[in-house]
Amino acid sequence: MTKSDTAALLEDAADRIADIFRADLQIMLRRAALLLRNSGSIVFDDDIEEALRDLSGEFGKTRNDTIRFIVREWMEKNTCLPVHELDEDGDVDGSA
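No experiment lies behind these values; they were computed from the predicted model shown.

Undergrad: I'd like to hear about the side chain of E49, residue by residue, with values.
TA: Topologically, E49 is positioned in helix α3 (residues 46-59). For E49, a relative accessible area of 18% puts it in the buried group. Contacts of E49, omitting those with residues within four sequence positions, involve I42, V43, F44 and R63.

Undergrad: Account for the pattern of salt bridges, naming residues and giving values.
TA: One pass over the structure, following the stated rule, counts five salt bridges. The partner of E49 in a salt bridge is R63, and the shortest N-O contact between them spans 2.8 Å. Here E49, found in helix α3, pairs with R63, found in helix α4 (residues 63-77); they are 14 residues apart in sequence, far enough to count as distant.

Undergrad: Let's hear about the packing of aromatic side chains: which residues, and what values?
TA: Think of a pair of aromatic rings as described by two things: how far the centres are apart, and how the planes are tilted against each other in angle. The final tally for this structure, using the stated rule, is one aromatic pair. Between the aromatic rings of F59 and F69, the centroid separation amounts to 5.3 Å while the plane-to-plane angle is 70°, which identifies the pairing as edge-to-face. Of this pair, F59 sits in helix α3 while F69 sits in helix α4, and the two are 10 residues apart along the sequence. You can call F59 partly exposed: its relative accessible area is 36%.

Undergrad: Run through α4, naming residues and quoting values.
TA: With 15 residues, α4 should cover 21 Å at 1.5 Å per step; its first-to-last C-alpha distance of 21 Å lies within 8% of that length. Residues T66, I67 and E76 constitute the buried set of α4. Against α3 lie the buried residues of α4. Following α4 by one or two positions, T79 has its phi on the positive side, about 55°.

Undergrad: Could you give me a rundown of a negative patch on the surface, with the residues and numbers involved?
TA: Together, D45, D46, D47, E50, D54 and E58 give the surface a local cluster of negative charge. Its location among the elements puts D54 in helix α3.

Undergrad: Explain the environment of L25 residue by residue, including any values.
TA: Considering the arrangement of structural elements, one finds L25 in helix α2 (residues 22-38). Sequence spacing of L25 and A14 is 11 residues, and the spatial spacing of their C-alpha atoms is 9.6 Å. Setting aside its immediate chain neighbours within four residues, L25 contacts A13, I17 and I20.

Undergrad: Lay out the packing of α3 against α4 with the relevant residues and their values.
TA: Two numbers describe how α3 lies on α4: the axes approach to 9 Å, and their chain directions differ by 95°. Viewed along their axes, α3 and α4 adopt a mutual orientation that is roughly perpendicular. The segment α3 lies against α4, with E49, L52, L55, S56 and F59 engaging R63, T66, I67, F69 and I70.

Rules of the game
- Residues numbered from 1 in each chain as written.
- Predicted model: local features only at pLDDT ≥ 70, side-chain atom pairs only at ≥ 80, totals over all residues.
- Heavy atoms only, no water.
- Helix = DSSP H or I, 4+ residues; strand = E, 2+ residues; numbered from the N terminus.
- Buried < 20%, exposed > 50% of the residue type's maximum accessible area, 1.4 Å probe, protein only.
- Contact = heavy atoms within 4.5 Å.
- Salt bridge = Lys/Arg side-chain N within 4 Å of Asp/Glu carboxyl O.
- Phe/Tyr/Trp six-rings, centres within 6.5 Å; stacked < 30°, edge-to-face > 60°.
- Expected span 1.5 Å × (residues − 1).
- Patch = residues over 30% accessible without salt bridge, like charges linked within 9 Å, V, L, I, M, F, W, Y side chains within 5 Å.
- Areas by Shrake-Rupley, 256 points an atom, 1.4 Å probe, with all protein chains shown as cover.
- Lys, Arg positive; Asp, Glu negative; His and termini not counted.
- Charge placed at Lys NZ, Arg CZ, Asp CG, Glu CD.
- Axes fitted to C-alpha atoms, helices over the stretch in contact; angles between N-to-C directions.
- Parallel < 35°, antiparallel > 145°, perpendicular 65-115°, else oblique.

Following this line, the structure appears as structure tokens:
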């Protein structure tokens, strides 16, 4: 189960708290606690945090998704990861 799945389940449970069985709520809270316990937190200097907030707003992504995007781009550009290239003859979604 992913973090977003767990978050969605918890939000749904909060919306209908009177209808949730205690055992189900315990399971959801334990999953959330496990995810929090296993998640890492990166703390940056204030100027970097401000830049991340601005970029997150521009990209329409969360702070963590923006950090993942930046790290992936950097790693691809510095040949730490393979670059995902499109074939010239391959199909693409959308239009140009």
